[in-house]
Amino acid sequence: MNEVGSNRGAVATLRKIRVWDLPVRLFHWVLVALLVALYLTGEYGWLDLHMKLGQAVLVLVIWRVLWGLVGSDTARFGGFLRGPGAVLAYARSLLTPHPLPVAGHNPLGGLMVIALLLAILAQAGSGLFTTDDIVVEGPLYHLVSGKTASLMTTVHHYAFDVLIVLAVIHVAAALLYLFVKKENLIGPMVTGSRPLPPQLPAPALASPLRALILLMIVAGAWIAFVSLI
Ligand code: HEM
C-alpha cells in the first residue's frame, strides 16, 4: 500500500524507487493531450472529432477507476485515500521543512485526484447527452427528454469551468512542490521513479499487460454499448 512515512531524519540517504507504473503515466499524459484536443475541437466546432475524443477520455477514466481497484499499489484508491486525520497530519507537515514522505499520491493529492476524475467524468458523461441544436448530437442524446438534454448541455459547459479551476490548482501545487519544497513530483510522473527514504517500502507495481487487457475490455464494452443502444 501507499504508506505515509515519518519525517524524522528526513535527510537520511534517499534511494530511487519506481512508484508509478507505465499505464498510470501514459494515462496521465494522454489524458492531458486529449483534454487540450477536446478544448480546441470544441472551440473550433470540429464536433465529430470532439465527440470521438470525448468518448476516448470516458473510456480512459473508466479504465482508471477500475485500475484504482485492481492496479498497482500507488494506483489503488485504497492506497491513497486517507481519513481526515491523515489528511490533516499531512497538511500540517507541509508547514515544516520536510513534509511526511509518501511513495505515491499524498493524502491531499489523493483528494485532488478524485476531484479531477469526477470532474472529467461529469464533463465527458454530460457530453453524451448534449446537442448543439443544429447538426450534432451526443451518442446517447436520443435516450433522454429535451429537458434532460438541455440540463446536460448546461452541465457540459459548467463542468468545464470546474475542470479548469481544478487543473490550475493541480498544476500550481506541482509547481509549488518543485520551487518551494524543492521536491520534484513531475519528473516521477514521466520516468516512474522517485527518491524516497529507506523506511518507505517499494510499492508493488502491477503488470502493464493486465492494464492493457483491462483497457481493451473497457473500450470493447463501450463500443458494443454505443453501437447496440
Ligand atoms: C502540464 C500540466 C500537468 C502537470 C505538470 C501535472 C503533474 C502531475 C503530477 C506530478 C502528478 C502526480 C502527483 C503526485 O505525486 O501525487 C499528477 C497526477 C494526476 N494528474 Fe496531473 N499534471 C498536469 C496536468 C493535468 C491535467 C490538465 C489533468 C486533468 C485535468 C491532470 C490530472 C491528473 C490526474 C487524474 C492525476 C492522477 C494520476 C493517477 O493516479 O492516475 N493533470 N499530475
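Structure first, text after, so check above.
In short, a report on the structure. If you're wondering where the values come from, they're calculated on a predicted model, not measured in any experiment.

1. Remarks on the overall build of the protein chain
Piece 1. The number of helices and strands found in the protein chain is 8 helices and 2 strands.
Piece 2. Element order for the protein chain, N to C, with α for helix and β for strand: β-α-α-α-α-α-α-α-β-α.
Piece 3. Counting across all 229 residues of the protein chain, residues that qualify as buried make up 38%.
Piece 4. Surface summary for the protein chain: the accessible area is close to 12,500 Å², and the carbon and sulfur share equals 73%.
Piece 5. Distance between charge centroids for the protein chain: 19 Å, based on 15 positive and 10 negative side chains.

2. Let's talk about the pattern of salt bridges
Piece 1. A complete count under the given rule lists 1 salt bridge for this structure.
Piece 2. Its salt-bridge partner being Arg 194, residue Glu 183 comes within 2.9 Å of it at the nearest N-O pair. Here Arg 194 lies in strand β2 (residues 193-196) and Glu 183 lies in the loop between α6 (146-179) and α7 (186-191), a separation of 11 residues in the sequence.
Piece 3. Overall, the relative accessible area of 8% leaves Arg 194 in the buried class.

3. Here's the deal with the packing of helix α2 (residues 47-70) against helix α5 (residues 107-127)
Piece 1. Where α2 meets α5, the closest approach of the two axes is 9 Å, and the angle between their N-to-C directions is 145°. Crossing of α2 against α5: the hand is left-handed. Residues Gly 54, Val 57, Leu 58, Val 61 and Arg 64 of α2 form the contact with α5, whose participating residues are Leu 117, Ile 120, Leu 121, Ala 124 and Gly 125.
Piece 2. Across the contact of α2 with α5, the residue classes tally to 7 nonpolar, 2 polar and 1 charged.

4. A short note on the nonpolar core
Piece 1. Of all hydrophobic cores here, the largest spans 40 residues; its most connected members are Phe 27, Val 57, Val 61 and Trp 67.
Piece 2. Of all the secondary-structure elements, those providing two or more residues to this core are α1 (22-43), α2, α3 (77-80), α5, α6 and α8 (208-228).
Piece 3. Looking at this core, the element that brings in the most residues is α2, giving 8 residues.
Piece 4. Ignoring any residue separated from it by four or fewer positions in sequence, one finds Phe 27 in contact with Leu 60, Val 61, Trp 63, Arg 64 and Leu 117.

5. What about the coordination of the iron atom of the ligand?
Piece 1. Each protein donor to the iron atom of the ligand is listed here as His 28 (NE2) and His 170 (NE2); together their distances run 2.0 Å.
Piece 2. Considering all 6 donor atoms around the iron atom of the ligand, the spread of angles at the metal, 87 to 180°, places the coordination shape in the octahedral class. With His 28 in helix α1 and His 170 in helix α6, the pair connects residues that are 142 residues apart, well separated along the chain.
Piece 3. Taking relative accessible area as the criterion, His 170 reaches 31% and is therefore assigned partly exposed.

6. Regarding the packing of aromatic side chains
Piece 1. On inspection of all chains with the given rule, the structure shows 6 aromatic pairs.
Piece 2. Judged by centre distance (5.5 Å) and plane angle (25°), the rings of Tyr 44 and Trp 46 are stacked.
Piece 3. Plain terms: the ring middles of Trp 63 and Trp 67 are 5.6 Å apart, the flat faces sit at 20° to each other, and that makes the pair stacked. Within this pair, Trp 63 and its partner Trp 67 are both found in helix α2, separated by 4 residues, close to a single helical turn.
Piece 4. For Trp 63, a relative accessible area of 4% translates into the label buried.
Piece 5. Of the aromatic side chains, those joined through ring pairs into one cluster are Phe 27, Trp 63 and Trp 67.

7. Section: the packing of helix α4 (residues 84-93) against α5
A pair of packed helices can be characterised by two numbers: the angle between their axes and the separation between those axes.
Piece 1. Running from N to C, α4 and α5 cross one another at 120°; their axes reach a closest spacing of 8 Å. Mapping the contact onto sequence places Ala 86, Val 87, Tyr 90 and Ala 91 in α4 and Pro 107, Leu 108 and Leu 111 in α5.
Piece 2. Taken together, the residues of the contact of α4 with α5 break down into 7 nonpolar, no polar and no charged.

Basis of the calculations
Along each chain, numbering runs from 1 in the same order as the chain's sequence is written. Totals for whole chains, interfaces and linings use all residues, but because this is a predicted model, local features are given only for residues with pLDDT of at least 70 and pairs of side-chain atoms are given and counted only at 80 or more. Side-chain measures were taken over the full set of non-hydrogen atoms in the model, leaving aside hydrogen atoms and water. The helix and strand labels rest on DSSP assignments: H or I over at least four residues marks a helix, E over at least two residues marks a strand, and numbering proceeds from the N terminus. When a residue's accessible area, from a 1.4 Å probe over protein chains only, is under 20% of the maximum for its type it is buried; when over 50% it is exposed; and in between it is partly exposed. Calculation of accessible area relied on Shrake-Rupley with a 1.4 Å probe; when residues are assessed, cover is drawn exclusively from the protein chains displayed. A positive count includes Lys and Arg, and a negative count includes Asp and Glu. His and the chain ends are not counted in either. A charged residue contributes its charge at one atom only: NZ of Lys, CZ of Arg, CG of Asp or CD of Glu. By convention in these notes, a salt bridge is any Lys or Arg side-chain nitrogen within 4 Å of a carboxyl oxygen on Asp or Glu. Note on geometry: axes are C-alpha line fits, over the in-contact stretch for helices, and angles between N-to-C directions span 0 to 180 degrees. Two helices that cross are described as forming a left-handed crossing if the nearer one is turned anticlockwise from the farther one by less than a right angle, and a right-handed crossing if clockwise. In what follows, a contact means two residues having at least one pair of non-hydrogen atoms within 4.5 Å. In this classification, Asp, Glu, Lys and Arg are treated as charged, Ala, Val, Leu, Ile, Met, Phe, Trp, Tyr, Cys and Pro as nonpolar, and every other residue, Gly included, as polar. Among buried residues, the Ala, Val, Leu, Ile, Met, Phe, Trp, Tyr and Cys ones that are joined through side-chain atoms within 4.5 Å form a nonpolar core. Here the term donor refers to an N, O or S atom within 2.8 Å of the metal (or 3.2 Å for Na, K and Ca), and because water is left out of the atoms, sites may appear incomplete. Key to geometry: four donors with every angle between 85 and 135 degrees are tetrahedral; four donors are square planar and six octahedral where opposite donors lie over 155 degrees apart and all remaining angles lie between 65 and 115; all other sites are irregular. Aromatic rings from Phe, Tyr and Trp, with only the six-membered ring used for Trp, were paired whenever their centres fell within 6.5 Å, and each pair was classed as stacked if the ring planes differed by under 30 degrees, edge-to-face if by over 60, and tilted otherwise.

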